[in-house]
Amino acid sequence: QVQLVESGGGLVQPGGSLRLSCAVSGSIFSINAMGWYRQAPGKQREMVAITSGGSTNYADSVKGRVTISRDNAKNTVYLQMNSLKPEDTAVYYCNANVRTSNLRVNNYWGQGTQVTVSS
């Protein structure tokens, strides 16, 4: 089994910063892509940022304000968010594409962490 545990969400004022973390653990052989998604009330889940094979991809709405990074030694992915706006308010989910010890590949999701941007 594979578990993803997120942390770092919370309440922040507009213009503030937050850093989200997601640690992956379990029967891991290797981790391919890792990413962050978010879902605001009444909206569909959307991609925020993905990192895979050394490359990164960002949603247009967060480009220039958000940086995704990963520590392969710790099986952890981070999302540094700056200049936060009220429209960034959402539940943020971590996603990892993992090859487990039995060599099967599956997508796994974290439980989500709430980010609220409000004055």
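Above this text you will find the structure in question.
Here is what the cut-offs are and how they apply
- Residues numbered from 1 in each chain as written.
- Predicted model: local features only at pLDDT ≥ 70, side-chain atom pairs only at ≥ 80, totals over all residues.
- Heavy atoms only, no water.
- Disulfide = S-S within 2.5 Å.
- Helix = DSSP H or I, 4+ residues; strand = E, 2+ residues; numbered from the N terminus.
- Buried < 20%, exposed > 50% of the residue type's maximum accessible area, 1.4 Å probe, protein only.
- Pairing = 2+ DSSP bridges.
- Axes fitted to C-alpha atoms, helices over the stretch in contact; angles between N-to-C directions.

(A) Here's a closer look at the state of the cysteines. Applying the stated criterion across every chain, the model contains one disulfide. For C22, the disulfide goes to C94, at an S-S distance of 2.1 Å. On the sign convention where negative is left-handed, the bridge of C22 and C94, at about -85 degrees about the S-S bond, is left-handed. Of this pair, C22 sits in strand 3 (residues 18-26) while C94 sits in strand 9 (residues 90-100), placing them 72 residues apart in sequence. On the accessibility criterion, C22 (0% relative accessible area) is buried. Classification of C94 as buried rests on a relative accessible area of 0%.

(B) Structural context of the sheet that holds strand 8 (residues 76-81). Read across the sheet, four strands follow the order 1-3-8-7 without closing on themselves; strand pairing throughout is antiparallel. Edge positions in the open sheet fall to strand 1 (2-7) and strand 7 (66-71), since each of these has one partner strand only. Here the strands of the sheet are splayed against their neighbours by 15 degrees on average, with no regard to which way each runs. In terms of strand pairing, strand 7 meets strand 8 through six bridges, oriented antiparallel. Residue R70 lies in a different strand from strand 8, and its bridge partner there is V77.

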